[in-house]
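Chain and residue survey
Now for the letters of each chain:
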Amino acid sequence: MTSHTANFPHATGHKLHQYPPGDLAIWVFILAELFAFFVLFVVYAFTRLKHLALFNEMQRTLDSDAGMLNTLLLITGSWCVARAVAAIKANHAVTSARWLLAAIGTGCGFLTVKYFEYGAKFALGINLDTNLFYTFYIALTMFHAMHVVLGMTILGLVWKKAVRGGYSAQDHHGMETGASYWHMVDLVWIILFPLVYIMR
Amino acid sequence: MSAHFLNVIWVALMVATALTWFIGKTGQMGATAVIAILLIAALKGWMIIYDFMALRRVKFLWRGIVLGWLLLTLAIILLAYWLGLK
């Protein structure tokens, strides 16, 4: 066992690992983010309860096709990052960097869809003050989109290091750190999509 | 995690997403649809946590915290929607 795998037991055989993949600091950050989204989702669900007719009517005005497309993009981005980590574990550095770039591409796709989705709403004069539903819709989805941008920034830095050969099968702790954050962004959307776009 | 297994998870997540979208498109919302949508979300979240986040082989404390977040969030949403359907 190398000194690296001794420090990061998740890199070893089939035993249960002591810590999750990546830096522990990012996991503290991830848990804080999950808590923030938990509060927002619960507040949304119970505010909706008090304004059922408004929320049900307004939700029908959302573009659920765009919501689904963005879900597919984030899932695909998460898959690309998982493939990047699998590739570097097999010491395929070039392939790994390509998967990371593909993941960043899905993030760009997500933001492009969001740009057109918001554009269509803003063109109708909809904004944060339109009604309570749209306050939640804009605040929740923009807050999430900010996390997509941060996730893309982190993946960009990881990619930059990856193309310079900065990761290997023995040393890919930094890549796992970025990957964990990106998966969190995907995980949160898995709840946000049905909650805001689908369930009435 | 093998590349093939990750591909299977990816396809399963895409199909599950299309199913959620389809339920929404039918416009038939009620207790059954809400429960189905939340169960699909739980399954998708579970796959992401276990196989993409790679917490499957991490000690239960870490896995439990993230899974607990997923299930608690969905349970509270279910409660709020159930109260709305009454």
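Just so it is clear, the structure is predicted and the values come from calculations on it, not from any experiment.

Cut-offs applied
Residues numbered from 1 in each chain as written. Chains lettered and ligands numbered in written order. Predicted model: local features only at pLDDT ≥ 70, side-chain atom pairs only at ≥ 80, totals over all residues. Helix = DSSP H or I, 4+ residues; strand = E, 2+ residues; numbered from the N terminus. Buried ≥ 20, exposed ≤ 12 C-beta atoms within 10 Å, placed from the backbone. Contact = placed C-beta atoms within 7 Å. Nonpolar A, V, L, I, M, F, W, Y, C, P; charged D, E, K, R; others polar. pLDDT = per-residue confidence, 0-100. Core = buried A, V, L, I, M, F, W, Y, C linked by C-beta atoms within 7 Å. Axes fitted to C-alpha atoms, helices over the stretch in contact; angles between N-to-C directions. Parallel < 35°, antiparallel > 145°, perpendicular 65-115°, else oblique. Left-handed = near helix turned anticlockwise from the far one by under 90°. Expected span 1.5 Å × (residues − 1).

This paragraph deals with the overall build of chain A. On a plain count of helices and strands, chain A comes out with seven helices and zero strands. For chain A, the succession of helices and strands along the chain, N to C, is α-α-α-α-α-α-α. Dimensions of chain A along its principal axes, counting C-alpha atoms only, are 60 × 30 × 20 Å. Burial status across chain A gives 42% buried among its 200 residues. Pairs at least 24 apart in sequence give 78% of the contacts found in chain A among residues at least 6 apart.

The helix and strand tally for chain B stands at three helices and zero strands. Reading chain B from its N end, one meets helices and strands in the order α-α-α. For chain B, the C-alpha atoms occupy an extent of roughly 45 × 30 × 10 Å along the three principal directions. The burial tally for chain B puts 37% of its 86 residues in the buried class.

Moving on to the interface of chain B and chain A. Between chain B and chain A, the residue contacts involve 37 residues of the former and 39 residues of the latter. Elements that contribute at least two residues to the side of chain B that touches chain A include exactly α1 (3–26), α2 (31–52) and α3 (60–85) of chain B. The dominant element in the side of chain B that touches chain A, judged by the number of residues it contributes, is α3(B), at eleven residues. Across the side of chain B that touches chain A, the residue classes break down as 28 nonpolar, six polar and three charged.

Here chain B shows a mean pLDDT of 95. Residues at 70 or above account for 100%. Per the prediction output, this complex has pTM 0.93; the corresponding ipTM is 0.96.

A general trend in soluble globular proteins is that nonpolar side chains are found buried together. Ranked by size, the top nonpolar core spans 78 residues in total, and within it A:Val81, A:Ala84, A:Leu100 and A:Ala103 carry the most contacts. Elements supplying a minimum of two residues to this core: α2 (24–50), α4 (64–89), α5 (93–123), α6 (132–163) and α7 (173–198) of chain A together with α1, α2 and α3 of chain B. With 17 residues, the top contributor of residues to this core is α7(A).

Moving on, we get to the environment of A:Ile154. Residues and elements named next belong to chain A. Structurally, Ile 154 can be placed in helix α6. Along the backbone, Ile 154 and Ile 126 are 28 residues apart, and their C-alpha atoms lie at a distance of 32 Å. Beyond its immediate sequence surroundings of up to four residues, Ile 154 is in contact with Gly 178 and Tyr 181.

A few words now on the packing of α4(A) against α7(A). Axes are the key here: two packed helices are described by the angle between their axes and the distance separating the axes. All names here are of chain A. The geometry of α4 relative to α7 is characterised by a closest axis approach of 9 Å and an angle of 160° between their N-to-C directions. For the element pair α4 / α7, the angle class is roughly antiparallel. Once α4 is placed against α7, the crossing between them reads as left-handed. Contacts between α4 and α7 involve Ser 64, Gly 67, Thr 71, Leu 74, Ile 75, Gly 77, Ser 78, Val 81, Ala 84, Val 85 and Ile 88 from the former and Met 175, Glu 176, Ala 179, Trp 182, His 183, Val 185, Asp 186, Trp 189, Phe 193, Tyr 197 and Ile 198 from the latter.

To continue, consider α6(A). A turn of α-helix holds 3.6 residues, and therefore any two residues three or four places apart point the same way. Residue and element names in this part refer to chain A. When the terminal C-alpha atoms of α6 are compared, their 46 Å separation across 32 residues agrees well with the 46 Å that a helix rising 1.5 Å per residue should span. Phe 133, Phe 136, Tyr 137, Thr 141, His 144, Val 148, Gly 151, Met 152, Leu 155, Val 158, Trp 159 and Ala 162 are the residues of α6 that are buried. Tucked inside the fold, the buried residues of α6 contact α2, α3 (52–59), α5 and α7. Gly 165 sits one or two positions beyond α6 and adopts a positive phi of about 75°.

We now examine unusual backbone geometry. Positive phi is not limited to glycine here, since A:Asn91 has a value of about 70°. Locating A:Asn91 in the fold gives a position in the loop between α4 and α5. The backbone of B:Ala54 shows a phi angle near 60°, a positive value even though the residue is not glycine. Inspection of the secondary structure assignment puts B:Ala54 in the loop between α2 and α3.

A few words now on the environment of A:Gly165. Position of A:Gly165 relative to the elements: it lies in the loop between α6 and α7. Each C-alpha atom, one on A:Gly165 and one on A:Met199, is 46 Å from the other, the two residues being 34 residues apart in sequence.

It is worth spelling out the packing of α2(A) against α6(A) at this point. Residues and elements named next belong to chain A. With their axes 11 Å apart at the nearest point, α2 and α6 run at an angle of 165° to one another. By the angle between their axes, α2 is roughly antiparallel relative to α6. Handedness of the α2/α6 crossing: left-handed. Touching Leu 40, Tyr 44 and Thr 47 of α2 are Leu 132, Phe 136 and Leu 140, all from α6. Looking at side-chain class alone, the contact of α2 with α6 contains five nonpolar, one polar and no charged residues.

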